[in-house]
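# Report on the structure
These are the residues of each chain, in order.
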Amino acid sequence: EHFYGSLKGRFQSLRDMRFQIQNQRDLEFANMWMRCCLILHNLILEIEEDFGVVSSNLEYMEEAER
């Protein structure tokens, strides 16, 4: 639950991703979009760790809970 809150807080496009999946192409698009956000999320966490930045993950989780 915290993971999804974190993603939705960091990527507003996931929060507002509202469209009907009417065919296979729509499903593939939604799946690709989600995978791209997951990849970016993991890259951001790695970069923050490499630079010794306290993860901003906590901020996004708190925002998502509100």
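Everything numeric here is computed off the predicted structure, so don't read it as measured data.

## A word on the overall build of the protein
Looking only at helices and strands, the protein has four helices and zero strands in total. In the protein, the succession of α and β elements from N to C terminus is α-α-α-α. Counting over 66 residues, the protein shows a buried share of 20%. By sequence separation, contacts in the protein at least 24 residues apart represent 60% of the contacts at least 6 residues apart. When the accessible surface of the protein is totalled, it reaches about 5400 Å², and 55% of it is carbon and sulfur.

## Examining a nonpolar patch on the surface
Judged by side-chain polarity, Phe 19, Ile 21, Leu 27, Phe 29, Met 32 and Trp 33 come together as a nonpolar surface patch covering roughly 540 Å² of accessible area. Positionally, Ile 21 belongs in the loop between α2 (12–15) and α3 (24–50). Judged by its relative accessible area of 47%, Ile 21 falls in the partly exposed class.

## A closer look at the environment of Lys 8
Residue position: Lys 8 is located in helix α1 (residues 2–10). By relative accessible area, Lys 8 is classed as partly exposed at 41%. Spatially, the C-alpha atoms of Lys 8 and Cys 37 are 9.5 Å apart, while their sequence positions differ by 29 residues. Those residues in contact with Lys 8, other than ones at most four positions away along the chain, are Leu 14 and Arg 15.

## Things to note about the confidence of the model for the protein
Detailed reading of the predicted model is not advised wherever pLDDT is low. Chain-level statistics for the protein give a pLDDT mean of 79 and a share of 74% at 70 or above. Of all helices and strands in the protein, the one with the weakest mean pLDDT is helix α4 (residues 57–65) (59), whereas α3 scores best (89).

## A closer look at α3
Taking 1.5 Å as the rise per residue, α3 with 27 residues should run 39 Å; its terminal C-alpha atoms sit 39 Å apart, in good agreement. When α3 is considered as a whole, its buried residues turn out to be Ala 30, Cys 37, His 41 and Glu 48. Looking one or two places after α3, you find Gly 52, whose phi comes out positive at around 70°.

## Here's the deal with the environment of Arg 10
Relative to the assigned elements, Arg 10 resides in helix α1. By relative accessible area, Arg 10 is classed as buried at 14%.

The rules behind these values
- Residues numbered from 1 in each chain as written.
- Predicted model: local features only at pLDDT ≥ 70, side-chain atom pairs only at ≥ 80, totals over all residues.
- Heavy atoms only, no water.
- Helix = DSSP H or I, 4+ residues; strand = E, 2+ residues; numbered from the N terminus.
- Buried < 20%, exposed > 50% of the residue type's maximum accessible area, 1.4 Å probe, protein only.
- Contact = heavy atoms within 4.5 Å.
- Areas by Shrake-Rupley, 256 points an atom, 1.4 Å probe, with all protein chains shown as cover.
- Patch = residues over 30% accessible without salt bridge, like charges linked within 9 Å, V, L, I, M, F, W, Y side chains within 5 Å.
- Salt bridge = Lys/Arg side-chain N within 4 Å of Asp/Glu carboxyl O.
- pLDDT = per-residue confidence, 0-100.
- Expected span 1.5 Å × (residues − 1).

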